[in-house]
Amino acid sequence: MNTDILKRLISVAAIVSFSVTGTAFAEENKISDSVLYYGQIENIISDNDGNISSLRMSSEAYGEYVMHLSDETAFIDSGKKTASDPKTLTKGEDVYVFHSAMIMESYPPQTAAYAVISNTPQDTGCAKYMKVDFAEKKDGVINITADIKIIADKDTTFSDYGSDNAVTADDIQKGSRIAVWDSENSKTAEHIMLISELKYAVTRGEFIQALYKSAGSPDFAKEAVFSDIKDG
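Residues numbered from 1 in each chain as written. Predicted model: local features only at pLDDT ≥ 70, side-chain atom pairs only at ≥ 80, totals over all residues. Heavy atoms only, no water.

Visitor: I would appreciate a short explanation of the overall build of the protein chain in the present structure.
Guide: Helix and strand content of the protein chain: three helices and 16 strands. For the protein chain, the residues scored as buried account for 43% of the 232 residues in total. Intrachain contacts of the protein chain at a sequence separation of at least 6 include 61% that bridge at least 24 residues. About 12,700 Å² of surface is accessible on the protein chain, with carbon and sulfur atoms providing 46% of the total. (Helix = DSSP H or I, 4+ residues; strand = E, 2+ residues; numbered from the N terminus. Buried < 20%, exposed > 50% of the residue type's maximum accessible area, 1.4 Å probe, protein only. Contact = heavy atoms within 4.5 Å. Areas by Shrake-Rupley, 256 points an atom, 1.4 Å probe, with all protein chains shown as cover.)

Visitor: What am I meant to see in the environment of Ser106 here?
Guide: Structurally, the position occupied by Ser106 is in the loop between β7 (94–104) and β8 (110–118). On the accessibility criterion, Ser106 (16% relative accessible area) is buried. When the C-alpha positions of Ser106 and Val66 are compared, they lie 9.8 Å apart, and in sequence the two are 40 residues distant. Of note is the side chain of Ser106, whose polar atom sits 3.0 Å from the side chain of Gln110. (Polar contact = N/O pair within 3.5 Å; in protein donor to acceptor, adjacent residues only side chain to side chain.)

Visitor: Can you help me understand the layout of surface pockets in this one?
Guide: A water-sized probe rolled over the atoms picks out the places where empty space is left. Of the volumes computed, that of the second largest pocket is approximately 210 Å³. Taken together, twelve residues make up the lining of the second largest pocket; nearest its centre are Thr124, Gly125, Trp181, Asp182 and Glu190. Considered class by class, the residues forming the lining of the second largest pocket number two nonpolar, five polar and five charged. (1 Å grid on protein atoms, 1.4 Å probe; cavity = no way out; pocket = protein on both sides within 12 Å on 5 of 7 lines; lining within 4 Å. Points joined across faces, edges and corners; volume = space filled by probe spheres on them. Nonpolar A, V, L, I, M, F, W, Y, C, P; charged D, E, K, R; others polar.)

Visitor: In this structure, what is going on with unusual backbone geometry? I would like to understand it.
Guide: Most peptide bonds are trans, and most residues other than glycine sit at a negative phi. Put simply, Tyr107 and Pro108 share a cis peptide bond, and its omega is -5°. Even without glycine at this site, Asn119 takes up a positive phi of about 50°. Structurally, Asn119 is set in the loop between β8 and β9 (128–131).

Visitor: Got a minute to help me understand the environment of Ile52 in this structure?
Guide: Inspection of the secondary structure assignment puts Ile52 in strand β3 (residues 52–58). Judged by its relative accessible area of 22%, Ile52 is partly exposed. For the pair Ile52 and Leu69, spaced 17 residues apart in sequence, the C-alpha separation works out to 7.4 Å. Discounting chain neighbours no more than four positions away, the residues touching Ile52 are Ile44, Ile45, Ser46, Leu69, Pro86 and Lys87.

Visitor: What is the right way to read the pairing of strand β14 (residues 176–182) from this model?
Guide: Look at any regular strand and the pattern is simple: side chains alternate between the two faces of the sheet. β14 sits mainly inside the fold: seven of its seven residues count as buried. Residues Ser176, Ile178, Val180 and Asp182 of β14 are buried on one face, and the alternating residues Arg177, Ala179 and Trp181, pointing to the opposite face, are buried as well.

Visitor: How should I be thinking about the side chain of His191 in this particular structure?
Guide: Checked against the element boundaries, His191 lands in strand β15 (residues 189–197). Residue His191 is classed as buried on the basis of its relative accessible area, which comes to 7%. At 2.8 Å, the side chain of His191 forms a polar contact with the side chain of Ser159.

Visitor: What's the story with the pattern of salt bridges in this structure? I'm lost.
Guide: Working definition: two side chains of opposite charge can pair if their charged atoms are close together. Counting across every chain of the model gives four salt bridges. In this structure, Asp182 and Lys128 form a salt bridge, with 2.8 Å as the shortest nitrogen-oxygen distance. Placement of Asp182 in strand β14 and of Lys128 in strand β9 is noted, with a sequence separation of 54 residues between them. (Salt bridge = Lys/Arg side-chain N within 4 Å of Asp/Glu carboxyl O.)

Visitor: Even after reading the chapter, I still don't get the nonpolar core, so can you show me in this structure?
Guide: Here is a general trend for soluble globular proteins: nonpolar side chains tend to be buried in one another's company. Grouped together as the largest cluster of nonpolar side chains are 16 residues, with contacts concentrated most on Ile142, Ile144, Phe158, Ile172, Ile178, Val180 and Ile192. Counting residues per element, the ones that place at least two in this core are β11 (141–145), β12 (149–152), β14 and β15. In terms of residue count, β15 provides more of this core than any other element does, three residues in total. Residues contacting Ile192, with those up to four places away along its chain left out, are Ile144, Ala152, Thr156, Thr157, Phe158, Ser159, Ile172, Ile178, Ala179 and Val180. (Core = buried A, V, L, I, M, F, W, Y, C linked by side-chain atoms within 4.5 Å.)

Spelled out as structure tokens, the structure:
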């Protein structure tokens, strides 16, 4: 059996003893904070239907990771300020990934990807993915509190992820997921992309299911995995 596959199967079999320490668990075991990772795509993993299910990444700064993808993962072209097609991702490509603070301490570590940012020009920073905690509009300016504080003014442009729907500052609400383009020397956003409201944060059960699926849904781990989901 391929050593890499064996390691993945072993990690799934050990899921029942999986735990997260520190501040990773929020209310009701939900994880909403995102962590930024930058690295190179070493392998693109697809499910039985041919859909991309995870990315195996490597990074000199952050080490190896497996980033699990879902229907709620946003794929963003930072240079064009548009949604991107995950099928255009290529092995060897450098991307930014905003991922869950919940991490499976397997080898390599595994986590859920919230946003994959590609095509970042060298002379600019990548788009910043964040979930809005607070938004207040006053005198034509909207103050946004998320991972960082952002100001949107009359010069800020807006777009909707994956569509041509018109977006204004009024559409930015608490709970919205957004991608922000700004300069390093200013807290004023040049552009804000409204992705969607986060339907749910990653729960422990959903994270376990993602790991199980990525390992090919092995029969020997099925009973243990779903028993753990039911109990937890």
